[in-house]
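# Notes for the structure review
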Amino acid sequence: MKRNLIRLIATACSTVLLAGLLAGCMSPNTGATDQQRANRTYMTKVNQAMEDLNSRLGDFDDAVARGDVVTMRTQADNAFSAIDALAAIDTPDAMKGLQSGYVDGCNALKGALNDYIDLYTEIDSATDEHPFDYGAYDERIKAVQDKYNDGISKLKAADEEALKLNED
């Protein structure tokens, strides 16, 4: 189970870092319009938020590796604050669709992390009197994986949209 989440986190980290590359592609232009500068500023802020999220997901991954449910919750909450910061970025009109894609993707990741913590908490708190139902484990972990994959797909779609905007 931990190995699955570690792969999930690694995938998210590599995907969200693409936003950093996008910000780097938008090189300063002395003749840039106010709109272009606003778009570059926006992408720089998205890049910073994604780097912050990446770091916080790494901390979550460390908690998973230790099997520490309490720290998992704390680190997930820290990651959620990075997601909230991303959602709060002042977005130029030309970037509204892009922002929506990033926020939707991050919110799907948020749901997957919550579901994973819930599952792990149930396993960790199982007793002989109230055992965990391992018969449902595969189905539940698949649901977490599906939600996580949905988030990654949305982030990739937002990255692709950012690339198109950068080409224009």
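Residues numbered from 1 in each chain as written. Predicted model: local features only at pLDDT ≥ 70, side-chain atom pairs only at ≥ 80, totals over all residues. Heavy atoms only, no water.

### What about the pattern of salt bridges?
Worth spelling out the cut-off: The working definition used for a salt bridge is a side-chain nitrogen of Lys or Arg within 4 Å of a carboxyl oxygen of Asp or Glu. Helix and strand definitions here come from DSSP, where helices need a minimum of 4 consecutive H or I residues and strands a minimum of 2 consecutive E residues; each element is numbered from the N-terminal end. Three exposure classes are used, based on accessible area relative to the maximum for each residue type with a 1.4 Å probe and protein chains only: buried under 20%, partly exposed in between, and exposed over 50%.
Scanning the model with the defined rule gives eight salt bridges in all. The closest approach of N and O atoms between Lys-142 and Asp-146, which form a salt bridge, is 2.8 Å. With Lys-142 and Asp-146 both in helix 6 (residues 137–167) and four residues apart, this pair spans about one turn of that helix. Among the residues examined, Asp-146 registers a relative accessible area of 38% and is labelled partly exposed.

### Focus on the packing of aromatic side chains
Stated formally: The criterion for an aromatic pair is that two Phe, Tyr or Trp rings (for Trp, the six-membered ring) have centres within 6.5 Å, with stacked assigned to planes under 30 degrees apart, edge-to-face to planes over 60 apart and tilted to the rest.
Counting across every chain of the model gives two aromatic pairs. Ring geometry for Phe-132 against Tyr-134: centres 4.8 Å apart, planes inclined by 75°, an arrangement best described as edge-to-face. Here Tyr-134 falls in the exposed class, since its relative accessible area comes to 53%.

No statement about biological role is implied by the geometric values presented.
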